[in-house]
Amino acid sequence: MPTVVVASPKGGAGKSTTAVLLGTGLAHAGAEVVMVDCDPNRSLTIWSKRGTMPQRMRVLSDVTESEIVKTIKNHDNDGKIIIVDLEGIASRLVSRAISQADLVLIPMRATTLDATIGARALQLIEEEEEALDRSIPYALVFTMTKAVKSKQHSGIEKSFREQGVDLIEPPLMERAAFSALFEFGGDLYSMPEQGNMEKAIENASLFVQAVYQRLTGDAQ
Amino acid sequence: MSNNAFSIDLSRLKKQPKTSSTKDTDQVAEELGFSSREIVKKRGRKPSPRTGQVHAKVMPDTSVEIANEAKRRGVQQGVLIEEAWQLYKQNMATK
């Protein structure tokens, strides 16, 4: 089964939220999901202990640089989708996880700083593609976006599109329910109502479907 | 059907063959500043906290006995001297 790596050298870009929304969404749609927590802040592990874990999901904690390749190899043949949540720094662990990816998701807030630092991940992927002599599909997802796009957001989006970067639609909007995942654990279907739940579920579901299309090749 | 409801067809998911070797990617990563952040453990024996010294000349048979006993217990000879000193202090305290 495919491995999705959620990577950005920038902290606070929304990696763990993206990973949890994707993992819970895929599990809700019937997939078996293994979440690999490589972040020293242990965000996924904290989330997994807050509430009842959704069915068909499992979290592996504290996976290090020397263990990451073996951990992915051990799980990618048993019918499970692997989602790797990485630390928000530039490290060898990030590079090794990307080397095992079928899709790299790069969450990014629509700010110039996030775009500048996030671009380092794009550069790393392109260099790894050359070193490994294989294509590593990647897509960028804007996180914590507002209902009305700022000029900065539109400018960054236009710039990436012109460079041929795959942008996931819809972006993940700034929603109370998304941040509350780390307060209540579980998924959007099990948590107490937070803001407009219907819109949050719709946003997350469309995002998961967009990622699924990339994993099946339908998005190309 | 609502936009939220969809199910996954696992047979349609695509996976690429990958190598387990990290040699090439590690080098590329290093050049781009993605270097190892793991703490490298120091190799070898930890330094002993026993930094004090005694200057003792003893009879040859005593020296051999102390050496053999330390070897049997797997401790430094200084440990036996420390234990002997504790016993001496206890003994003096009860007098």
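Predicted, not measured: the structure shown is a model, and the values here were computed from it. (Residues numbered from 1 in each chain as written. Chains lettered and ligands numbered in written order. Predicted model: local features only at pLDDT ≥ 70, side-chain atom pairs only at ≥ 80, totals over all residues. Heavy atoms only, no water.)

Below, the discussion takes up the overall build of chain A. Of regular secondary structure, chain A possesses 8 helices and 7 strands. For chain A, the residues scored as buried account for 60% of the 220 residues in total. A sequence separation of at least 24 residues applies to 74% of the contacts in chain A between residues at least 6 apart. Approximately 8800 Å² of chain A is accessible, and the part contributed by carbon and sulfur atoms is 47%. One finds the centroid of the 23 positive side-chain charges in chain A at a distance of 4 Å from the centroid of its 29 negative side-chain charges. (Helix = DSSP H or I, 4+ residues; strand = E, 2+ residues; numbered from the N terminus. Buried < 20%, exposed > 50% of the residue type's maximum accessible area, 1.4 Å probe, protein only. Contact = heavy atoms within 4.5 Å. Areas by Shrake-Rupley, 256 points an atom, 1.4 Å probe, with all protein chains shown as cover. Lys, Arg positive; Asp, Glu negative; His and termini not counted. Charge placed at Lys NZ, Arg CZ, Asp CG, Glu CD.)

Here we come to unusual backbone geometry. Note: most residues except glycine have negative phi, and most peptide bonds are trans. All names here are of chain A. Cis geometry is found at the peptide bond from glutamate 169 to proline 170, where omega equals 5°. If you trace the backbone, proline 170 turns up in the loop between α6 (151-162) and β7 (172-173). Even without a glycine there, the phi angle at aspartate 62 is positive, about 55°. Mapped onto the secondary structure, aspartate 62 falls in the loop between β3 (57-60) and α3 (68-75). Look at aspartate 62 and you get partly exposed, because its relative accessible area is 44%.

This next bit is on the pairing of strand β1 (residues 3-6) of chain A. All names here are of chain A. Residues of β1 alternate between two faces, with Thr3 and Val5 on one and Val4 and Val6 on the opposite face, all of them buried. As paired elements, β1 and strand β4 (residues 80-85) share 4 bridges and run parallel to each other. Following the sheet pairing, threonine 3 is matched in β4 by isoleucine 82. (Pairing = 2+ DSSP bridges.)

All names here are of chain A. Counting residues in hydrophobic clusters, the biggest one holds 44 residues, and the most contacted among them are Leu22, Leu26, Met35, Ile83, Leu105, Leu188 and Phe207. At 10 residues, helix α8 (residues 197-216) tops the list of elements feeding residues into this core. With residues up to four places along the chain from it excluded, the contact list for leucine 22 reads Val4, Ile83, Leu105, Phe207, Val208 and Val211. By size, the runner-up hydrophobic cluster in this structure holds 41 residues, among which are Ala101, Ala115, Phe160 and Leu167. (Core = buried A, V, L, I, M, F, W, Y, C linked by side-chain atoms within 4.5 Å.)

When a strand is regular, its side chains alternate between the sheet's two faces. Residue and element names in this part refer to chain A. The buried fraction of strand β2 (residues 32-37) amounts to 5 of the 6 residues, a majority that puts the element mostly inside the structure. Relative to β4, β2 runs parallel, the two sharing 6 bridges. If you follow methionine 35 over to β4, its bridge partner there is isoleucine 83. The pairing of β2 with β3 spans 4 bridges and is classified as parallel. Bridging across to β3, valine 34 finds its partner in arginine 58.

Taken together, the contact pairs 30 residues of chain B with 47 residues of chain A. A buried area of about 3600 Å², summed over both sides, lies between chain B and chain A, and 55% of it is on carbon and sulfur atoms. Its largest share of buried area at the contact with chain A, chain B owes to Phe6, Lys18 and Phe34 of chain B, together 20% of the area lost on that side. Counting across the interface, chain B meets chain A through 5 salt bridges. The salt bridge partner of arginine 96 of chain A is aspartate 26 of chain B, with a shortest N-O separation of 2.6 Å. Our count for the contact surface shared by chain B and chain A stands at 22 residue pairs in polar contact (both at pLDDT 80 or more). Within the side of chain B that touches chain A, the residues separate by chemical class into 9 nonpolar, 11 polar and 10 charged. (Buried area = accessible area lost by both parts, 1.4 Å probe. Salt bridge = Lys/Arg side-chain N within 4 Å of Asp/Glu carboxyl O. Polar contact = N/O pair within 3.5 Å; in protein donor to acceptor, adjacent residues only side chain to side chain. Nonpolar A, V, L, I, M, F, W, Y, C, P; charged D, E, K, R; others polar.)

Residue and element names in this part refer to chain B. What the rule picks out here adds up to 1 aromatic pair over all chains. Where tryptophan 85 meets tyrosine 88, the ring centres are 5.2 Å apart and the plane angle is 20°; that geometry is what we call stacked. Here tryptophan 85 pairs with tyrosine 88, and both are found in helix α3 (residues 77-94), just 3 residues apart, close to one helical turn. Look at tryptophan 85 and you get partly exposed, because its relative accessible area is 48%. (Phe/Tyr/Trp six-rings, centres within 6.5 Å; stacked < 30°, edge-to-face > 60°.)

It is worth spelling out the side chain of histidine 75 of chain A at this point. All names here are of chain A. Within the fold, histidine 75 resides in helix α3. According to the relative accessible area criterion, histidine 75 is buried, its value standing at 13%. Apart from the residues lying within four places of it in its own chain, the contact partners of histidine 75 are Val34, Arg58, Leu60, Lys80 and Ile82.

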